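# Residue-level structure breakdown
One-letter residues, chain by chain:
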Amino acid sequence: MKKHTLDKDYIGTFLIRNAVSMMLLVFVVAMIFTKRSFFTADNIVNIINECSVYGVTACAMTVAIICAEFDLSASSVFAWSTVLFVICCNAFGIVAAFFITLASGAVMGAFNGILVAKVRIPAFVATLGTMTAIKGLAYVVTDAQPINTSNETLYAIGQFNILGITIAPIVFALVILIFIWFLKYTRFGRNIYATGGNYEVARLSGINVEFSKFIIFVLLGVCAAISGMLYCSRIMAGWAPYGGDLSLYCVAATVIGGTSLLGGSGGVHRTIIGVLLMAVLFNALTLLGVDGSMQKFIRGLVLITVIMFDAMANLRKRV
Amino acid sequence: MRKLTSKTIRNAIRDNAIFIVVLLLIIITAFIEPSFITWDNLLNILRQNATIGIVACGMTYCIIAGLFDLSVGSIVSLSGVIVILSINAGVPDYLAVGYGLLAGIAVGVINGTLVSLINGRSGEAFIITYGMQVVVAAIALFPSNGLFIAGRVKPGIFMSMGQGMTPIIIFLSLAAIMQFILVKTRYGRQLCYIGSNISAANMSGIRVKPNRISYFAISGLMSGIAAIVLCSRVTSSNPTAGLGYEMDAIAGIVVGGTSMSGGSGSVFRTVLGIIIIGIMSNALNILGITAYHQQVVKGLLIIAAVSMDIWNKRIKVREIANEKAYIG
């Protein structure tokens, strides 16, 4: 078996596929040498805490992209979960709130899953609809006001840390391990790769493709709910506009990590790098004093660049 | 001549289910609030939805071509900011309007070039224009740091564009022109062909890439026109004015009945869809339902309309298969 012969084509494709992550690495190295406050233990811990909240959803988005699907509604499920979690915390206590929020995330994911897998609406149209509807629901329930909670257990969880590492990175690490096991060692996980690689072939070889498509949306809903709850534990509040560009962030992190939008390849372990690089980039921009709208601009630009490079690498592969 | 059998009636109901639901809503609202069906209110609905209608007409071309343009809302914001800023800087009206339109076309061309460069289908177009939406929205925020800009507008061409009946006339005449181009010109027929099968279109000698860039450019241009009508109506510009326009436009298109899978559709249907949504939200307003509830309704409406379209197609395919089996 030939393994990675270093011919010109292979190097070219490798360079294109990893261009963005390399550019970001160069940027990070430059930051380490120019900005003293960037490469300190405090800031690194801060970056890790920061990125883990969104990272949980990014992992689930990676699974969806491996299955050649895509979910816009993750940001709305996130916002809805912060709202629901805080309301339930105030009403029934934190344990019930946890399970209710998790269940609501799963139900919303399942709704997306039915639309895409059974009704066969293209994922982006279906999730565009659910995105609007769920966001509207969060606004309706809260009347567009932020809701606070003073639940002591939640506060204790939010403040809990080991050497500065809070609960979020621990959950993130657990989610990554579960997903790696799920994708690599379970039948459902392998089926997701097969379904994403070639839907028709997977169907004809007897894989329950509809179930594969369904389950990824349920996982996404659950993970977005977990992200929302982690976010709540830090800021003790729920509000409908939270998580505005979560979906965009997750897609960008996944593709920077090296999971192709074509589907059928990639893995959750790669997304860790993507999530970290995105977090480092925006942390560095904040340290450099770049303002909000400029950061938004750069966020969009990073997404476009990443997608373009990924698609060009795929074009080379196709030919 | 189609015979009026139970089957054709059933088909007609199935094809127009959304229209029937809205008709019911209109009747209910008219009973509760008779002022709902007055000529003034209807004109008002048209005027309110003219800007979104213009955007939706442009996006219809993209959807028919099997593409997507999510950046339209941001283009509306950006063009508005540019027009008002140039008018405040003392640029003559027609030039300021020209700058606004140019900005729209420029963003459209960038969209189209990026998508053509990677031979993108609707999925790639969706994500790239999503990125462009964020980028362009950020650019619109730069000049005023996100603040609202009041325009020092003097009476003239620009000011007249948003007053009285003009927005309605602009909307309907643009829609008519675009429908004519779509149905009666070679360019329009090529658009449908590219949308239904891009490889076949490419092999039969249609120059796919420049055509696809032009669809994005048209979508950008129409967003620019919408921005001008909007800014002229309020004689100011808000850098987040176009927020959510893409959703409303897509809602209008799918409710009108243009298929999301591309290859077919019409601008007239989009106009109809926009009017239906306008009437619906007007009726919901009269019934005292808040904007946030309406957002939920709109999201579900998109899902319902697309599901219906896909379901209808599946039934039709099955019927054709049955007839063939019967003959064979």
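These numbers come from a predicted model, not from an experiment. (Residues numbered from 1 in each chain as written. Chains lettered and ligands numbered in written order. Predicted model: local features only at pLDDT ≥ 70, side-chain atom pairs only at ≥ 80, totals over all residues. Heavy atoms only, no water.)

Within chain B, the secondary structure is distributed over 14 helices and two strands. Its C-alpha atoms give chain B a radius of gyration of 21 Å, near enough to 20 Å, the size a compact globule of 328 residues would have. The C-alpha extent of chain B, read off along each of the three principal axes, is 75 × 55 × 30 Å. Taking all 328 residues of chain B together, 54% fall into the buried category. (Helix = DSSP H or I, 4+ residues; strand = E, 2+ residues; numbered from the N terminus. Rg over C-alpha atoms; globule rule 2.2 N^0.38 Å. Buried < 20%, exposed > 50% of the residue type's maximum accessible area, 1.4 Å probe, protein only.)

What follows covers the overall build of chain A. Assigned secondary structure in chain A consists of 14 helices and two strands. Expected size for 319 residues packed as a compact globule is a radius of gyration near 20 Å; at 20 Å, chain A falls within 12% of this value. Expressed along its principal axes, the backbone C-alpha trace of chain A runs to roughly 60 × 55 × 35 Å. Expressed as a percentage of its 319 residues, the buried residues of chain A come to 56%. A separation of at least 24 residues holds for 80% of the contacts in chain A among residues at least 6 apart in sequence. The average position of the 21 basic charges and that of the 13 acidic charges among the side chains of chain A differ by 10 Å. (Contact = heavy atoms within 4.5 Å. Lys, Arg positive; Asp, Glu negative; His and termini not counted. Charge placed at Lys NZ, Arg CZ, Asp CG, Glu CD.)

Okay, the packing of aromatic side chains next. Residues and elements named next belong to chain A. If you walk through the whole model with that rule in mind, you get 14 aromatic pairs over all chains. Ring centres of Phe 98 and Phe 99 lie 5.2 Å apart, and the angle between their planes is 75 degrees; this geometry places the pair in the edge-to-face category. Within the aromatic cluster, the residues linked to one another by ring pairs are Tyr 54, Phe 78, Tyr 231, Trp 239, Tyr 242 and Tyr 249. The cationic tip of Arg 299 hangs over the ring face of Phe 282; the distance from NZ or CZ to the ring centre is 4.6 Å. (Phe/Tyr/Trp six-rings, centres within 6.5 Å; stacked < 30°, edge-to-face > 60°. Lys NZ or Arg CZ within 6 Å of the ring centre and 35° of its normal.)

Here we come to unusual backbone geometry. Residues and elements named next belong to chain B. Even without being a glycine, Asn 145 presents a positive backbone phi close to 55 degrees. Within the element layout of this structure, Asn 145 appears in the loop between helix H6 (122–141) and strand S1 (149–150). Phi at Thr 235 takes a positive value of approximately 40 degrees, unusual for a residue other than glycine. Within the fold, Thr 235 resides in the loop between helix H11 (208–234) and strand S2 (236–237).

The next point concerns the interface of chain A and chain B. With 42 residues of chain A in contact, the opposing surface of chain B contributes 36 residues. Taking both sides of the interface into account, the surface hidden between chain A and chain B amounts to around 3400 Å²; carbon and sulfur atoms contribute 83%. The interface formed by chain A and chain B contains zero salt bridges. Connecting chain A to chain B are one residue pair in polar contact (both at pLDDT 80 or more). Sorting the residues of the side of chain A that touches chain B by element identifies helix H5 (94–118), helix H6 (123–142), helix H12 (246–257) and helix H14 (292–318) of chain A as the ones contributing at least two each. Top element by residues in the side of chain A that touches chain B is H6 of chain A. It accounts for 14 residues. (Buried area = accessible area lost by both parts, 1.4 Å probe. Salt bridge = Lys/Arg side-chain N within 4 Å of Asp/Glu carboxyl O. Polar contact = N/O pair within 3.5 Å; in protein donor to acceptor, adjacent residues only side chain to side chain.)

Our focus in this paragraph is helix H4 (residues 74–92) of chain A. Residues and elements named next belong to chain A. Taking 1.5 Å per residue as the helical rise, H4 with its 19 residues ought to reach 27 Å, and the 25 Å between its terminal C-alpha atoms agrees with that figure. Most of H4 is tucked away, with 15 of its 19 residues classed as buried. Positioned one or two residues after H4, Gly 93 has a phi angle of 95 degrees, which is positive. (Expected span 1.5 Å × (residues − 1).)

This prediction gives chain A a mean pLDDT of 89; 97% of its residues lie at or above 70. For chain A, the element scoring lowest by mean pLDDT is helix H1 (residues 8–17) of chain A, at 75; H5 of chain A scores highest, at 95. (pLDDT = per-residue confidence, 0-100.)

Residues and elements named next belong to chain A. Counted under the stated rule, the structure contains seven salt bridges over all chains. Across the pair Lys 213 and Glu 69 runs a salt bridge, and its minimum N-O distance is 2.7 Å. With Lys 213 in helix H11 (residues 209–235) and Glu 69 in the loop between helix H3 (41–66) and H4, the pair connects residues that are 144 residues apart, well separated along the chain. Assigned by exposure class, Lys 213 and Glu 69 land together as buried. A salt bridge links Glu 210 to Lys 118, with the shortest nitrogen-to-oxygen separation between them at 2.9 Å.

Below, the discussion takes up the packing of helix H5 (residues 93–117) of chain B against H6 of chain B. Residue and element names in this part refer to chain B. Packing of H5 against H6 leaves a shortest axis separation of 10 Å and a crossing angle of 145 degrees. Seen from above, H5 lies across H6 with right-handed handedness. On H6, the residues that touch Val 107, Ile 110, Asn 111, Leu 114 and Val 115 of H5 are Ala 125, Ile 128, Thr 129, Met 132 and Val 136. Split into classes, the residues belonging to the contact of H5 with H6 amount to eight nonpolar, two polar and no charged. (Axes fitted to C-alpha atoms, helices over the stretch in contact; angles between N-to-C directions. Left-handed = near helix turned anticlockwise from the far one by under 90°. Nonpolar A, V, L, I, M, F, W, Y, C, P; charged D, E, K, R; others polar.)

This brings us to the confidence of the model for chain B. Residues and elements named next belong to chain B. Within chain B, residue pLDDT values average 88, and 98% of them lie at 70 or more. Confidence scores differ between elements of chain B, with helix H1 (residues 6–15) showing the lowest mean pLDDT of 75 and helix H8 (residues 166–184) the highest of 95. With pTM at 0.88, the complex prediction returns an ipTM value of 0.83.

Attention now goes to the side chain of Ser 227 of chain A. Residue and element names in this part refer to chain A. Relative to the assigned elements, Ser 227 resides in helix H11. Polar side-chain contacts of Ser 227 include one of 2.7 Å to the backbone oxygen of Val 53. In this structure Ser 227 touches Val 53, Tyr 54, Val 56, Thr 57 and Phe 78, once residues within four positions along its chain are discounted.

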